[in-house]
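Coordinate analysis (summary)
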Amino acid sequence: MTELYTPRPFQVADLEELSEHNYTAHLAMEPGAGKTPLALFAARDGGASQTLGIVPKNTIPNAWAKTSPRVLGIEARLIGNGRKAERVAYEDFRRGHPGFYVVTPGTFVRADLEDWRPDMLIVDEVHQLNKPGGKSQRQLSGFGAKDKPLSKQVGASLSLSGTPVRSDFTRAWSICRLHWPDLKYKGQVAHDNHYGWLNDRMTKETLYLGYDHNGARKTATKWLAEKEPGLLFSQMPLVLQHFRRRMCCWFHPNGFLEQEKPNVMERHVELLPAQKRIIRELEDQSLAWIDGNPFQVDLPMHAKMRIRQVVLGVPTVVETGELTEEGFPKTRFEFPDGTPSPVTDEVLHILEQLGEEPVVIFTTSQRFARYLTNRIVAAGISAFEYSGQTTETRDADLQRFGHSIRVLVGVLSAVGTGTDGLQEVCNNEIWVDTPVDDVDAQQGEGRLDRLGATKQVQRFVIRDDLGYAEGLFSEKMMKRLEIAKSTTRRV
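A short tour of the structure in this document, coming up. Numbering of residues begins from 1 in every chain and follows the order in which that chain's sequence is written. Whole-chain, interface and lining totals are the exception, using all residues; otherwise, since this is a predicted model, local features are given only for residues with pLDDT of at least 70 and side-chain atom pairs are given and counted only at 80 or more. Note that the side-chain values use all heavy atoms of the structure and ignore hydrogens as well as water.

**Regarding the sheet that holds strand S4 (residues 99-103)**
Two strands pair if DSSP finds at least two bridges between them. Strands are runs of DSSP state E lasting at least 2 residues, helices are runs of H or I lasting at least 4, and numbering of each runs from the N terminus. Strand order in this open sheet of 7 strands is S3-S4-S2-S5-S6-S1-S9, and the pairing throughout is parallel. Either end of the sheet is taken by a strand with one partner, and the two such strands are strand S3 (76-78) and strand S9 (239-242). The mean inter-strand angle of the sheet, taken between neighbouring strand axes irrespective of direction, is 20 degrees. Strand direction decides the pairing type here: strand S2 (residues 50-54) and S4, joined by 5 bridges, are parallel. Within the sheet, the bridge partner assigned to Ile 54 lies in S4 and is Val 103. Helix axes are fitted only over the stretch in contact, all axes being lines through C-alpha atoms; the angle between N-to-C directions runs from 0 to 180 degrees.

Shown next, in the form of structure tokens:
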């Protein structure tokens, strides 16, 4: 028989507070604080007969399926319309049979929720489902009067996230509608008039978009930030927050980690003339010529992402066989073997310096991850790629990491959530590029720097000589500090 987990002292305190609020709350805990077991402790100690978790697919095997038997004494059952076991679990769930069921966001968004009636709802990484007016948000917490969201059909509810509003505070409204829909009047946290809630709580800017065909001026409202940072989270009935190294509660006056913050070492590389030329053309014209092929970028954010890829190495353009609206061949960047890459040369240099120590490498580009893994292996170092393209092998390789495999090359969108355990075998990480989405950065930073770590993290950050990575990093840090003021509950 599996020996059940015993909650840690601070989790016991959290469970007592959750019990006082009928287990309805938001857990605003930085990655690595133990959100998964705490949520399952709440389901167990709250007496839920049937619990449903809406959880990212890649967190199921390494987080929920691993933790459920040790906390609840039962297996997590995935519901869906795929394999027979998923269909059987779905029917049992709909009939109200006891158990712990998990569903991916993709399946949840498409489902008919009429007979979904769990005693407790757990929403993991709630920031992926809380864009106001989006289909997932409508299914989960409701946007308009005609919506029939799941939140109205459950007993207790917990949402979990270390980045609850991403970089957009308007998403906080969705969290309030999920947990406290009865607080729906003007001035309350879940005011059911979304525009009224925004107008009451956020600063704004009016954007002028020219004139329509009748000559009338067109405008749009850009919502900026919370008027009084921290007010909403302080008014929410219950938010449990735990931070790595700053005060969050009586139990953690200095945060939940004892290890010193990561030792950050910046390494600067000089870009090649070909890289600088491509970047200059992307900036000046949003059009670069590579190997005689036009590579067009229309959106500023898209341009930033492409420039970050060029910083990684001299790309090769591959035609997709389709045409743009302007008649240009659609193309994509590739990094074939033999691609010149100062970033990769620096990675190999760092690996040599670290001897035989295990290392996690983070990147936002799957194509570069594949190229980098091949380069590392060619240098005689064992390595594997952890990405959405390696789902058949990555979990088995993950079990060997830190033992027979020395280097994990992880794409942030895949490795950034649900990969607990890396910190037990590794304390070295290398960041080869800076994510455009700061949520990816924060999730990645919590893979090694988390509960269970035995040493201080050694974090190598590679910067380019033109400052593209550093400039983007500074911009994201300023936005992160602004959001932190509004998503920290006053204690």
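This is not the end of the story, as more comes after the structure.
**Some points on the pattern of salt bridges**
The salt bridge definition used is simple: a Lys or Arg side-chain nitrogen within 4 Å of an Asp or Glu carboxyl oxygen. Counted according to the given criterion, the structure contains 20 salt bridges. The salt bridge partner of Asp 449 is Arg 244, with a shortest N-O separation of 3.7 Å. Of this pair, Asp 449 sits in the loop between helix H16 (438-445) and strand S19 (458-464) while Arg 244 sits in the loop between S9 and strand S10 (263-269), and the two are 205 residues apart along the sequence. Taking the relative accessible area as the measure of exposure, Asp 449 reaches 5% and is therefore buried. Relative accessible area decides the class of each residue, using a 1.4 Å probe on protein chains only: under 20% of the type maximum gives buried, over 50% gives exposed, and in between gives partly exposed.

**Comments concerning the pairing of strand S8 (residues 217-226)**
Regular strands place side chains that alternate from one sheet face to the opposite one. Two elements, strand S7 (residues 202-211) and S8, share 7 bridges in a ladder whose sense is antiparallel. Across the sheet, the residue bridging to Lys 204 is Trp 223, located in S8. Between the end of S7 and the start of S8, which pair antiparallel, lie 5 residues, with Gly 215 showing a positive phi angle near 90 degrees.

**Observations concerning helix H7 (residues 172-179)**
In an α-helix, one turn spans 3.6 residues; hence positions three or four apart end up facing the same way. When you tally the buried positions in H7, you get 8 out of 8 residues, the bulk of the element. Looking at H7, one finds that the buried residues are Ala 172, Trp 173, Ser 174, Ile 175, Cys 176, Arg 177, Leu 178 and His 179. Where H7 is buried, its residues contact strand S1 (24-29), strand S5 (120-124), helix H6 (135-140), strand S6 (156-161), helix H8 (194-201) and helix H9 (231-235). Only heavy atoms enter the contact rule, under which two residues are in contact if any of them lie within 4.5 Å.

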